[in-house]
Structure formats: structure tokens, C-alpha cells
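Structural overview
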Amino acid sequence: MSAHKNSAIHLRPRFKMNFNESKEALIQKFRDNLKDVNCKYCSKIIDGHIVIDIPVDENHFWSPQLNIEIEKLDDHTAVVKGLFGPKPQVWTLFMFIHFAVAFAFTAFSIMAYVKWTLKTDYTFALTATIILPVIWVILYFLGQMGKKTGHQQMDDLYVFMMETLER
């Protein structure tokens, strides 16, 4: 097995590992492990895509989700690609806010330029143009805080995945 992980700065860490086992064998390991009575994780398996969630009683707003994609390289090897991230609802909200801030930044920048060109009062538009990048930075740090809050659960999901794959 060989593994590749991206840097810690990413809000949604990814990894990729090669296995000397078939795609079907790896998926079957997950099916068997997830059917076990002692397995506490919730999951969905659709073709080569596996989604593993934190148990409902341990779940909070920043709880991560592990998305695993298993791709066949040849008859005896497969690659496992993983992506840690927030639940889709949280990620969609987070991205919506980012796009709203980007749109507002563009609109207020244009408004400030137009008002400056027309020699009218542009202080509100300029203030908003200056404040919006600060909001972007705050959003980035909120995302990092959320990632740190869910880090232990992310580690638990990773350990569960590795124990399943090493069976």
C-alpha cells in the first residue's frame, strides 16, 4: 500500500492509497465491517462510493464525513481516494456565504469606483469594499476552527477506514 495526503491547510483534506486487492474485495470489506453489530458508524455504499458518518449521538454541527471512492486500476489493484469534509448541508451553506461575500465585494467595488468617478460620496461603498475581505478571512478561520473541532472525529473515521482496509 502506498499513500498520498495533501497539506494540513486544506479545509477538506484528501488522501489517496493504492492497494494490491480488487475493487470488489475492498468494497466487501466495508460491507462486512459496517454490518458488524459493534460498528457504530452510519454509512451508505453505492457502487464504488462509500460515505461514512459519525454516529447520531456524537454528531454536532462541525462533525466530519468521510467520502471514499474506490477505483479499479486492474484486476488485482485498486486505488482508494478519500475526502474528509463537513456534511453536505454545512458545506453548501459555507460556500453560499463565500459566494455572497464575493458578489458583494464585486458590487461594492464597482459602486465605489462609479461614485468616485462621479465625484459623489463613496465612503459607504469603500468601507464595505474594505470590510468584505476581512469577512473572508474570518470565514477561513471559522472553517479552520470547525475542522479543529471535528479533528478527533476525523481521526476516528480514518482509523475505522484503515482497520477495515487492513482486514
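It should be emphasised that the depicted structure is a prediction, and the values quoted were computed from it without experimental measurement.

**So, helix α1 (residues 23–35)**
Taking 1.5 Å per residue, 13 residues should reach 18 Å; α1 reaches 19 Å between its end C-alpha atoms and fits that length. Taken together, the buried positions of α1 are Leu26, Ile27, Lys29, Phe30, Asn33 and Leu34. Along the axis of α1, the buried positions cluster into a sector of 150 degrees, meaning they face one direction only. Residues of α1 that are exposed and point more than 90 degrees away from the buried face comprise Glu24 and Lys35. Residues of α1 that are buried sit in contact with β2 (14–19), β3 (42–46), β4 (49–53), β5 (64–74), β6 (77–86) and α4 (151–165).

**A short note on unusual backbone geometry**
Residue Asp47 is not a glycine yet carries a positive backbone phi of 55 degrees. By secondary structure assignment, the location of Asp47 is in the loop between β3 and β4. We classify Asp47 as exposed; its relative accessible area is 65%. With a phi close to 60 degrees, Lys119 is a non-glycine residue in the positive phi region. Of note, Lys119 is situated in the loop between α2 (88–117) and α3 (123–149). On the basis of relative accessibility, which here comes to 74%, the residue Lys119 falls in the exposed class.

**Quick word on the environment of Pro64**
Examined against the element boundaries, Pro64 turns out to sit in strand β5. Measuring from C-alpha to C-alpha, the distance between Pro64 and Gly85 comes to 5.3 Å, with 21 residues separating the pair along the chain. Excluding residues within four positions of it along the chain, Pro64 makes contact with Ile54, Gly85, Gly150, Gln153, Met154 and Leu157.

**Examining the nonpolar core**
In this structure, Phe30, Ile52, Ile68, Ile70 and Met161 are the most contacted members of the largest nonpolar core, which totals 24 residues. Mapped onto this core, the elements with two or more residues apiece are β2, α1, β4, β5, β6 and α4. Here this core takes six residues from α4, the largest share from any one element. Apart from residues lying up to four places away in sequence, Ile52 is in contact with Phe30, Tyr41, Cys42, Ser43, Gln65, Leu66, Ile68, Leu157 and Phe160. Judged by nonpolar contacts, the second largest core, of five residues, contains Phe94, Val101, Ala104 and Leu132.

**Some details on the confidence of the model for the protein**
Across the protein, pLDDT averages 86, with 93% of residues at or above 70. The least confident element of the protein is strand β1 (residues 2–5), whose mean pLDDT is 53; the most confident is α2, at 94.

**Notes on the pattern of salt bridges**
Under the counting rule described, the total for this entry stands at four salt bridges. Ionic pairing is found between Lys29 and Glu21, a salt bridge with its closest N-O pair at 2.8 Å. Of the residues examined, Lys29 reaches a relative accessible area of 12% and is grouped as buried. For Lys72, the salt bridge goes to Asp75, with nearest N and O atoms at 3.4 Å. The exposed category is assigned to Asp75, whose relative accessible area is 54%.

**As for a nonpolar patch on the surface**
On the surface, Ile110, Tyr113, Val114, Trp116, Leu118, Tyr122, Leu126 and Ile130 cluster together to form a nonpolar patch covering roughly 830 Å² of accessible area. For the nonpolar patch, the secondary-structure elements that each account for two or more residues are α2 and α3. No other element matches α2, which puts four residues into the nonpolar patch. As for its position among the elements, Ile110 is in helix α2.

About the cut-offs
Residues numbered from 1 in each chain as written. Predicted model: local features only at pLDDT ≥ 70, side-chain atom pairs only at ≥ 80, totals over all residues. Heavy atoms only, no water. Helix = DSSP H or I, 4+ residues; strand = E, 2+ residues; numbered from the N terminus. Expected span 1.5 Å × (residues − 1). Buried < 20%, exposed > 50% of the residue type's maximum accessible area, 1.4 Å probe, protein only. Arc of directions from axis to C-beta. Contact = heavy atoms within 4.5 Å. Core = buried A, V, L, I, M, F, W, Y, C linked by side-chain atoms within 4.5 Å. pLDDT = per-residue confidence, 0-100. Salt bridge = Lys/Arg side-chain N within 4 Å of Asp/Glu carboxyl O. Patch = residues over 30% accessible without salt bridge, like charges linked within 9 Å, V, L, I, M, F, W, Y side chains within 5 Å. Areas by Shrake-Rupley, 256 points an atom, 1.4 Å probe, with all protein chains shown as cover.

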